[in-house]
Amino acid sequence: MEEIVNVEAVSRSFALDNRPSSHPAHSFVSALTHASLRVNAGEFLAIAGPSGSGKTTLLNLIGCIDQPTTGRILVDGVDTSQLKPAGMSKLRREKLGFVFQTFNLIPVFTAAENVEYPLLIQGINAVERRRRVAEALESVGLTARANQRPDLLSGGERQRVAVARAIVHRPSLVLADEPTANLDTHNATQLIDLMHGLNQRIGLTFIFSTHDARLLEHTERIVRLTDGEVISDTTQGGLRG
Amino acid sequence: MAKFLLLAFRNIFRNRRRTLMTLFMVGGGVAGLLLSGGYFAFMTHGLREDTINSGLGHLQIFTADHFNRDEVRVLDTGIDNWRQVAASVKTGSHVRGIAPRIDFYGMVSNGIKAAGFMGAAVDPEAEKSLGFVSRIETGRDLDIKPGGEVEALIGKELAKSMNVGVGDGLTVLAMTSDGALNGVDVEIVGIINSGAPERDARYLRITLPAAQRLLQSDRVTNLVVGLDATQNTDQAYLEMLPRLNGISQHLTLKKWIDLATYYKQVNTMFNGIFLFMGVIVFFMVLMSSVNTLLMSMFERTREIGTMLAMGTPRAWIIALFMVEATLLGLVGAVVGVIAGNLLGALLNSSGLHLPPPPGYNVPMPFKVRFVPVEMIGSSLLVIFSLAIASIVPAVRASRLKIAEALSHV
């Protein structure tokens, strides 16, 4: 099966203060230590672990919105450590979709306009944009709410709009950071079903961080992190790698 | 592009109170500039037309010598064949009429006391036909009497100094063109109040034939040309030049602006004040807008982080902030132009007057003119100011670290 993500011995540390790294008193905190991970196309993968375990850091690194201190990451065959900022931006724009814990919709745009945004920055023409937005909104069951602004949508609806926004440009991979953390059980279940359905129906690869047991139940593969280290990588069938 | 502009436009109205404050400031700046600029324009326009209609005319014809050397004797550098010159330019386009003039000086006496004067000799009919206003406070304008009697208008302060009024007589003494002293008795038919007391303390006006008899010369100092409208001055000037080349005497043609020294000084002063006010408004808008736009940027940190995470080019973020600021400036400018025009109209209908300026004794009407160039200029100034103000927040927004921006609370 085609490999979408290859994380090779990646570490990420952060400076604790503003002193230069050469300064003797300079101290670092390690958010991720020698993490390795391979993800194939069509997988529905969860990164689980307690708060501060490095889940978001790992997702940020795979999503090219942060860079590793050591190691390298390949996304869809592209070595992201070799990319300049504009190249990373292009990769995110074309190959990746993002779903955030707090939805992060543009408040002055309607649901449809939010979904349209990734197509807009890709320079896709208006007719094609309209068609794909309608398709994406239909796939998340929000056609009737297309012209509502985010403040008039429920939390569950907002997160579905975010999912539609993440898939509308047909990315290779969708990264979701704690997508159900701000949702009640009903909406969380709906969202899990939606994401899982998209994974099953169109083979879209999902990597998401969570500590939501409801979400983990639907997941074929779970990578567990503790204190920045991968401590297990399990599939429905048992341990992996 | 349309969606991008839509996003920028909607962002302007996210925080209505802050936007209103900015619009109030930007609009206030524009309105202030329009009112002050409009007042200056009213003043300079009034001064321009007043200067032209009080006798300067739109064009004046002199001999070339008039500006090259001082006169040894009176009318030494005057125009000889002035009737021929007048006839040759009278048929030019936009020309309304020609008025011959003699500038001379001498002494006036009431038999007890004498005083110096600066005199002007005019053709009353020609002056009237050009609409030149004499500002006669009491009495009437000059008339050419066939019997040889000489009428005179004198300045209010000179009349006071000589203790004379309308109907009284004075003796006017001047040097003739041959260098002899000549005198003529005049009857005062009117008192002039030009508004400038210093001028009125030395001013005397008689008719052209009387002055020519007094000065023993058929020459005139200059010919004043009146046009149908001030804006046609340049065109009439260019058309008139070739006509003067056909005259045997070497003549020179001057536009009113070249002769209106006081007008130019006032205009320069007003332009300087207006420029200074423009600079103040520019920096006022700039400083307060930087703060407002930075606040807006901080409030939207997570949103900008999201946009960057989705792959929005950093240049787009810069453009978004700059377009937002420019749109804000545009809306503010429209508000300011509307407010400025409304306030201006209100002021114009109020009938307010300001105290007379130094050297004058007539109150100035407090009115404004609506000048399209000032509206456009003031609007562009604040739009430009806001665009400049947006650079710092725009660049800071574009340089946000995405991971940090996404976790911004």
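Residues numbered from 1 in each chain as written. Chains lettered and ligands numbered in written order. Predicted model: local features only at pLDDT ≥ 70, side-chain atom pairs only at ≥ 80, totals over all residues.

### Concerning the overall build of chain B
Here is step 1 of the chain: Counting secondary structure elements, chain B contains 16 helices and twelve strands.
Here is step 2 of the chain: By the compact-globule yardstick of 22 Å for 409 residues, chain B is too spread out, its C-alpha radius of gyration being 31 Å.
Here is step 3 of the chain: Partitioning the intrachain contacts of chain B with sequence separation of at least 6 by distance along the chain shows that 81% fall at a separation of at least 24. (Helix = DSSP H or I, 4+ residues; strand = E, 2+ residues; numbered from the N terminus. Rg over C-alpha atoms; globule rule 2.2 N^0.38 Å. Contact = placed C-beta atoms within 7 Å.)

### Side note on the interface of chain B and chain A
Here is step 1 of the chain: With 17 residues of chain B in contact, the opposing surface of chain A contributes 19 residues.
Here is step 2 of the chain: Elements represented by at least two residues in the side of chain B that touches chain A include exactly helix 1 (2-12), helix 12 (301-309) and helix 16 (402-406) of chain B.
Here is step 3 of the chain: The class makeup of the residues in the side of chain B that touches chain A is eight nonpolar, four polar and five charged. (Nonpolar A, V, L, I, M, F, W, Y, C, P; charged D, E, K, R; others polar.)

### Some thoughts on the pairing of strand 8 (residues 205-210) of chain A
Residues and elements named next belong to chain A.
Here is step 1 of the chain: When you tally the buried positions in strand 8, you get six out of six residues, the bulk of the element.
Here is step 2 of the chain: Residues Thr205, Ile207 and Ser209 line one face of strand 8 and the alternating positions Phe206, Phe208 and Thr210 line the opposite face, and both faces are buried.
Here is step 3 of the chain: Bridge count for strand 3 (residues 44-48) against strand 8 is five bridges, and the pairing is parallel. The residue bridging isoleucine 47 from the neighbouring strand is serine 209, located in strand 8.
Here is step 4 of the chain: In the sheet, strand 7 (residues 173-177) pairs with strand 8 via five bridges, with the strands oriented parallel. The residue bridging alanine 176 from the neighbouring strand is phenylalanine 208, located in strand 8.
Here is step 5 of the chain: Once the chain exits strand 7 it traverses helix 6 (residues 185-202) before rejoining the sheet at strand 8, and the crossover so formed is right-handed. (Buried ≥ 20, exposed ≤ 12 C-beta atoms within 10 Å, placed from the backbone. Pairing = 2+ DSSP bridges. Right-handed = clockwise from strand over helix to strand, strands pointing away.)

### A look at the domain arrangement of chain B
Here is step 1 of the chain: When its domains are assigned, chain B resolves into domain 1 (2-51 + 263-406) and domain 2 (94-227).
Here is step 2 of the chain: Averaged C-alpha coordinates put domain 1 of chain B and domain 2 of chain B at centres separated by 53 Å. (Domains from an automatic or database assignment.)

### Focus: the packing of helix 11 (residues 261-299) of chain B against helix 15 (residues 391-398) of chain B
Residue and element names in this part refer to chain B.
Here is step 1 of the chain: Between helix 11 and helix 15, the least distance of the axes is 8 Å, while the angle of their chain directions is 20°. Judged by the inter-axis angle, helix 11 sits roughly parallel to helix 15. Taken as a pair, helix 11 and helix 15 cross one another with a handedness that is right-handed. In this structure, helix 11 uses Val290, Leu293, Leu294 and Met297 to contact helix 15, whose residues at the interface are Val392, Pro393, Arg396 and Ala397.
Here is step 2 of the chain: Split by residue class, the contact of helix 11 with helix 15 holds seven nonpolar, no polar and one charged. (Axes fitted to C-alpha atoms, helices over the stretch in contact; angles between N-to-C directions. Parallel < 35°, antiparallel > 145°, perpendicular 65-115°, else oblique. Left-handed = near helix turned anticlockwise from the far one by under 90°.)

### Details of the sheet that holds strand 1 (residues 3-15) of chain A
Residue and element names in this part refer to chain A.
Here is step 1 of the chain: Across the sheet, four strands lie side by side as 2-1-4-5; this open sheet has antiparallel pairing. The outermost strands of the open sheet, each flanked by one partner alone, are strand 2 (28-40) and strand 5 (78-79).
Here is step 2 of the chain: Each of strand 1, strand 2 and strand 4 (70-75) is contacted by helix 1 (residues 55-62), which is oriented at about 120° to strand 1, the strand it contacts most.

### Some remarks on the packing of helix 2 (residues 16-56) of chain B against helix 11 of chain B
Here is step 1 of the chain: The N-to-C vectors of helix 2 of chain B and helix 11 of chain B enclose an angle of 175°; their axes lie 10 Å apart at closest approach. What the angle tells us is that helix 2 of chain B and helix 11 of chain B run roughly antiparallel.

### Considering the confidence of the model for chain B
Here is step 1 of the chain: Summary statistics for chain B give a mean pLDDT of 90 and a share of 99% for residues scoring 70 or more.
Here is step 2 of the chain: Note on the complex model: pTM 0.76, ipTM 0.91. (pLDDT = per-residue confidence, 0-100.)

### With respect to the confidence of the model for chain A
Here is step 1 of the chain: When pLDDT is averaged across chain A, the result is 89; 93% of the residues are at 70 or more.
Here is step 2 of the chain: Per-element mean pLDDT across chain A ranges from 54 in strand 11 (residues 238-239) of chain A up to 95 in helix 3 (residues 111-120) of chain A.

### Focus on the nonpolar core
Here is step 1 of the chain: Within the largest apolar cluster, 104 residues are counted, with the highest numbers of intra-cluster contacts made by Ile62, Ala164 and Ile207 of chain A.
Here is step 2 of the chain: At nine residues, helix 13 (residues 314-350) of chain B tops the list of elements feeding residues into this core.
Here is step 3 of the chain: Residues contacting alanine 164 of chain A, with those up to four places away along its chain left out, are Val115, Ala136, Leu137, Ser139, Val140 and Leu142 of chain A.
Here is step 4 of the chain: Counting residues in each nonpolar core, the second largest holds 52 residues, with Ile61, Val74, Ala152 and Met162 of chain B among its members. (Core = buried A, V, L, I, M, F, W, Y, C linked by C-beta atoms within 7 Å.)

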